[in-house]
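Listed below, chain by chain, are the residues.
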Amino acid sequence: GPTAHINLGAADFGLFEFYGVRPLAGRLFRPDAPGDDLPRMRPGVLQQGSMILNASAARQVGFADPARIVGRTVAIGPGAGDFTVVGVVPDVTLDLLNAEVKPTAYLVDFLNYPAEQVLNVRLTGRDIGGYVEEAKQTVARELKLPSGYALTWSGQYENMIRVRQRLMVVVPIA
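Residues numbered from 1 in each chain as written. Predicted model: local features only at pLDDT ≥ 70, side-chain atom pairs only at ≥ 80, totals over all residues. Heavy atoms only, no water.

Trainee: I'm lost on the overall build of the protein in this one. Help?
Mentor: Counting its secondary structure elements, the protein contains four helices and seven strands. Secondary structure of the protein in N-to-C order comes out as β-α-β-β-β-α-β-β-β-α-α. Sorting the 174 residues of the protein into buried and exposed places 27% on the buried side. Long-range contacts, defined as pairs at least 24 residues apart, comprise 68% of the intrachain contacts of the protein with a sequence gap of at least 6. (Helix = DSSP H or I, 4+ residues; strand = E, 2+ residues; numbered from the N terminus. Buried < 20%, exposed > 50% of the residue type's maximum accessible area, 1.4 Å probe, protein only. Contact = heavy atoms within 4.5 Å.)

Trainee: What am I meant to see in a nonpolar patch on the surface here?
Mentor: Residues Phe18, Leu143 and Leu151 make up a contiguous nonpolar surface patch of about 230 Å² in total accessible area. You can see Leu143 is positioned in the loop between helix H3 (128–142) and helix H4 (156–173). Using a relative accessible area of 33% as the deciding quantity, one classes Leu143 as partly exposed. (Patch = residues over 30% accessible without salt bridge, like charges linked within 9 Å, V, L, I, M, F, W, Y side chains within 5 Å. Areas by Shrake-Rupley, 256 points an atom, 1.4 Å probe, with all protein chains shown as cover. Salt bridge = Lys/Arg side-chain N within 4 Å of Asp/Glu carboxyl O.)

Trainee: Hey, could you run me through the pattern of salt bridges in this one?
Mentor: Opposite charge on two side chains lets them pair, provided their charged atoms get close. In total, this model carries four salt bridges according to the counting rule given. Of the charged contacts in the structure, one is a salt bridge between Arg59 and Asp91, with a shortest N-O distance of 3.1 Å. Pair noted here: Arg59 is in helix H2 (residues 55–60) and Asp91 is in the loop between strand E6 (82–89) and strand E7 (104–108), with a separation of 32 residues, a long-range link. Taking relative accessible area as the criterion, Arg59 reaches 46% and is therefore assigned partly exposed.

What follows is the structure, given as structure tokens:
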């Protein structure tokens with residue numbers, strides 16, 4: 001079959017759903033789907049598992065129609081085993097908003113499992129405390145986190161909370 005240079009991307013169960021990415025064909029990773037568990041390895045070599053391609057990767061290996069590659073077996077490199085394509089997702093970036101989209105094959109992140117994802121928000125014209133409180137309410141109402149997942153609100157918001165706690169101790173003394 002065709003050979004192509006395709007980047008490997010780490011994913012986790014629920015990652016695409018968290019970002020609102022729906023498959024163009026096939027399905028997304030599920031912990032209860034056979035083969036979607038962590039890829040099996042022998043010392044230092046991947047042997048088999050499931051993969052999800054982005055549309056660019058599917059096109060690069062000769063499949064303009066994403067549905068035609070789902071269920072096919074793909075070798076990811078010399079000495080590595082074969083992986084079954086279970087889905088194709090649109091060309092999106094999951095980190096920097098304006099990053100170039102490259103052909104990518106996503107595997108369940110077996111090296112750093114569970115994966116940690118960071119969402120950065122830059123505010124203009126809005127107080128951070130009010131924004132985070134509103135965001136917390138929206139997330140609690142709209143998002144059901146899978147078992148084992150957690151959200152942490154940090155950065156400037158975390159610093160603001162620490163300063164507020166210090167002031168609560170210092171102000172009554174003054």
